Amino acid sequence: MISRIYGIIEKIAAVFTAFLAVVGFNLLYGVRGESTMFSNSVFSMSVFGAFLFLYHYIVSKSLDRRTLMYGLAGGFLAALLTSMGVSLNYLDTIWSKNTFWAIPCLTPFFGGCISLALFYLKDGFSRPGKDDEIGSRWFLFCWLLLFLSWVPVLLASWPGIFSYDSGLQLGSFVDKRVSGHHPILHTFLLGICRWAGVKLFESKNAGAVLYSLIQMLLMSGMYAYVCCYLKKKRSPKWLQTGTFIFLAFHPVNSLMALCATKDSIFTALFAVFLVQLFEIAEDRERFFSSVKWQAVFCLSVFLLFAFRNNAFHAFVLSAPFFMWTFQKHWKRMGLLILICLGLYGLYTGPVYKVLEVEKGDPREMCCVLMQSAARVYNLDYLGLTEEEKETFLSIIREEGMDSYLSWFADPVKQHFNGEKFVQNPGPFLKTWFSVGMRHKKIYIDSFLTNTYGYWYPGNSDHGRNYLEYFCSEVREDVDVVMVSKLPVLSEFYRKISLEHSYKKLPVVSATFNLGVYTWLLLFAFLLLLYRRQYKELFLGIPLFMYLLTTMLGPIVTMRYHYPLIACGPLIIFLIWRRDKEWIK
């Protein structure tokens, strides 16, 4: 009798939860101004039936309380990010009744899905036997295949994709006024290749081809290292094959392999660094007893610093987690951290001085400040005192305030007086805090509208290019001209990059979405906590800290998020693997 009552209650709960999910999604449609499009349709009934079947299946698994609690915690976060993302995408604010009502309605839906995923992944999956022995021949074979897979992309985009900051970097190299705003190692690599092309072939495009080939060679080698690691660890065949296909042929990776931005080589270095962290976690004693492996670790970290300035901040934020994870070896880990920071200090100090590198622009670190100030100035001008307006305008010219865009800081940044701010930041910061205390909602909106593309897996491009598939025009003496050798393939990549043609393919388009990779990382963290693998959380910490630093930047763009995309297979491996089979 009692079991029958419980069965009836479970069925009622499944129906109610499925109904709540449909209501939640209908509320989000209401945010778009389509309040009955979802609820008053055959589609909504189909969705309700699918949700009902899903919940009935979940209930049949009799999940324990801990699994449900972790699932609901993850479900709440997923519902929160989804609801806020939809609201920001269509209303430019999160302060909507539909948004807040959708969160509790969608939490059970996402919570049930995540609980089921935790249930199936709680122990990880076993692997067949011990590590494989991977010889140099296999590595070279994998390296060659990856390199060759990008050759058609080189021909399509000949002599390469010299967009973003590459033109500015080449100009600063030619003028002998290299700035620390861009990684100087990358600037010198670009400049030397250009110089070689002009000297040897009297052609800037020849130098561009040389750079493209070097970048392809470096990235394919580092990605081959990732593929060999997964093979060595006997990861499932589908993951090994999928990783190779993803890195070789997915347009994101093949285009970034030809894009002359610092983010390309930096991302490949990040993937290698993440593999090194996996190897440290697997055999800590070997690492801390080997000077060679410790030297490789320090070199990897330094190269990350050298190819992206915010890698330094991500590493500093990650350092406490490294110290906590390796408590047994805290002295040695502390020393390694200090060595890494010391190398960076020497690099940006004496080395910069010898090379006469100019200081970077301080405006770059003030995007959050200037965007929130400009948003208040535009949305509640009368709510500011004359003194507050005067203080803001003393640092940000009025043209900058008037050109404010919620999703892009550069229009305001161009009118931000960074030097004056650095000399005396006190008055501006005092006013900024004072105004923020009265405009909390506007400040919150300001930060979220400028970052939600990183964590909302939906349509949030605002008309921006997914990737700049062209060669920027900066000035004639450094400009590279794209002359495609494969026009049909070039048009294919142009439509993906500039017209977002990938959105026409359901499911496949998700592999282009930045928010999907953030959710994958967050799920990996939740799963590690659920499994009580606390000492392995540090494996994802550098990626997470790097993500936080990009959220302080001027815009959401794929190239900033590329490390999370390229490291996606390693995150999946972290989710899949069984802990005790790897730790020695």
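Quick note: structure is the one above.
Residues numbered from 1 in each chain as written. Predicted model: local features only at pLDDT ≥ 70, side-chain atom pairs only at ≥ 80, totals over all residues. Heavy atoms only, no water.

Caption draft 1: Quick look at the overall build of the chain. The secondary structure content of the chain amounts to 29 helices and 0 strands. Against the compact-globule benchmark of 25 Å for 584 residues, the chain has a radius of gyration of 26 Å, which places it among compact chains. In terms of overall dimensions, the chain has a C-alpha envelope of 90 × 70 × 55 Å along the principal axes. A burial count over the chain gives 53% of its 584 residues as buried. Restricting the contact set of the chain to residue pairs at least 6 apart, pairs at least 24 apart contribute 81%. Surface summary for the chain: the accessible area is close to 27100 Å², and the carbon and sulfur share equals 67%. (Helix = DSSP H or I, 4+ residues; strand = E, 2+ residues; numbered from the N terminus. Rg over C-alpha atoms; globule rule 2.2 N^0.38 Å. Buried < 20%, exposed > 50% of the residue type's maximum accessible area, 1.4 Å probe, protein only. Contact = heavy atoms within 4.5 Å. Areas by Shrake-Rupley, 256 points an atom, 1.4 Å probe, with all protein chains shown as cover.)

Caption draft 2: Geometry of the packing of aromatic side chains. Inspection of every chain in the model, using the stated rule, returns 47 aromatic pairs. Its guanidinium or amino end placed over the ring of Trp95, Lys441 lies 5.1 Å from that ring's centre, counting from NZ or CZ. The ring of Trp324 has Lys535 lying over it, and the distance from NZ or CZ to the ring centre is 4.3 Å. (Phe/Tyr/Trp six-rings, centres within 6.5 Å; stacked < 30°, edge-to-face > 60°. Lys NZ or Arg CZ within 6 Å of the ring centre and 35° of its normal.)

Caption draft 3: Quick peek at the packing of helix α17 (residues 367-379) against helix α23 (residues 440-449). Put simply, α17 and α23 touch, their axes get as near as 9 Å, and they point 125° apart. The orientation of α17 with respect to α23, classified from their angle, is oblique. At the point where α17 passes α23, the crossing takes the right-handed sense. Residue-level contacts link Val368, Gln371, Ser372, Arg375, Val376 and Leu379 of α17 to Ile442, Tyr443, Asp445, Ser446, Phe447 and Thr449 of α23. Residue classes in the contact of α17 with α23 are distributed as 6 nonpolar, 4 polar and 2 charged. (Axes fitted to C-alpha atoms, helices over the stretch in contact; angles between N-to-C directions. Parallel < 35°, antiparallel > 145°, perpendicular 65-115°, else oblique. Left-handed = near helix turned anticlockwise from the far one by under 90°. Nonpolar A, V, L, I, M, F, W, Y, C, P; charged D, E, K, R; others polar.)

Caption draft 4: Up close: the packing of helix α15 (residues 310-325) against helix α16 (residues 330-354). Running from amino to carboxyl end, α15 crosses α16 at an angle of 170°, the nearest separation of the two axes being 10 Å. With respect to their mutual orientation, α15 and α16 come out roughly antiparallel. In this structure, α15 contributes Phe312, Phe315, Val316, Ala319, Phe322 and Met323 to the contact, and α16 contributes Trp330, Met333, Gly334, Ile337, Cys340, Leu341 and Tyr344.

Caption draft 5: Main features of unusual backbone geometry. Residue Pro159 is bonded to the preceding Trp158 through a cis peptide linkage, with omega at 5°. Take Pro159: it is sitting in the loop between α6 (151-156) and α7 (166-174). One non-glycine residue, Asp92, adopts positive backbone phi at about 65°. As for its position among the elements, Asp92 is in the loop between α3 (65-91) and α4 (97-121).

Caption draft 6: Structural view of the side chain of Gln215. Position of Gln215 among the secondary structure elements: in helix α9 (residues 204-232). Here the side chain of Gln215 touches Ala257 through a polar contact of 3.0 Å, landing on its backbone oxygen. For Gln215, the residues in contact, after removing those within four places along its chain, are Met256, Ala257, Leu258, Cys259, Ala260, Thr261, Ser264 and Ile265. (Polar contact = N/O pair within 3.5 Å; in protein donor to acceptor, adjacent residues only side chain to side chain.)

Caption draft 7: Layout of a nonpolar patch on the surface. A surface patch of nonpolar side chains, about 330 Å² in accessible area, is lined by Leu335, Ile339, Leu343 and Leu346. Examined against the element boundaries, Leu343 turns out to sit in helix α16. (Patch = residues over 30% accessible without salt bridge, like charges linked within 9 Å, V, L, I, M, F, W, Y side chains within 5 Å. Salt bridge = Lys/Arg side-chain N within 4 Å of Asp/Glu carboxyl O.)

Caption draft 8: Representation of the pattern of salt bridges in the model. By the definition in use, this model includes 18 salt bridges. Put simply, Glu358 and Arg177 hold a salt bridge, and the shortest N to O gap is 2.9 Å. Of the two residues, Glu358 is situated in the loop between α16 and α17 and Arg177 in the loop between α7 and α8 (184-201); the sequence distance between them amounts to 181 residues. Residue classification places Glu358 among the partly exposed residues on the basis of a relative accessible area of 31%. Two residues, Arg438 and Glu388, come together in a salt bridge whose shortest N-O distance is 2.9 Å. Of this pair, Arg438 sits in helix α22 (residues 426-438) while Glu388 sits in helix α18 (residues 386-395), and the two are 50 residues apart along the sequence.

Caption draft 9: Inspection of the side chain of Ser172 at higher detail. Topologically, Ser172 is positioned in helix α7. Residue classification places Ser172 among the buried positions, given a relative accessible area of 14%. Filtering out sequence-adjacent residues up to four positions away, Ser172 remains in contact with Arg177, Val178 and Thr187.

Caption draft 10: Quick look at the environment of Cys113. Position of Cys113 relative to the elements: it lies in helix α4. Residue classification places Cys113 among the partly exposed positions, given a relative accessible area of 28%. Through-space distance from the C-alpha of Cys113 to that of Leu72 is 9.3 Å; in sequence the pair is 41 residues apart.

Caption draft 11: Representation of the nonpolar core in the model. Of all hydrophobic cores here, the largest spans 156 residues; its most connected members are Tyr223, Leu277, Phe297, Trp455, Met558, Tyr562 and Ile565. Looking at which element gives the most residues to this core, the answer is helix α12 (residues 262-282), with 14 residues. Excluding its chain neighbours within four sequence positions, the residues that come into contact with Met558 are Val252, Met256, Tyr466, Leu467, Leu514 and Ile565. Leu384, Phe392, Trp432 and Val435 belong to the second-largest nonpolar core, a separate cluster that totals 21 residues. (Core = buried A, V, L, I, M, F, W, Y, C linked by side-chain atoms within 4.5 Å.)

Caption draft 12: Highlighting α9. Taking 1.5 Å of rise per residue, the 29 residues of α9 would be expected to cover 42 Å, and the 42 Å separating its terminal C-alpha atoms lies within 8% of that figure. N-capping of α9 is provided by Ser203, with a side-chain oxygen placed 3.2 Å from the backbone N of Asn205. (Expected span 1.5 Å × (residues − 1).)

The analysis is restricted to geometry; functional conclusions fall outside its scope.
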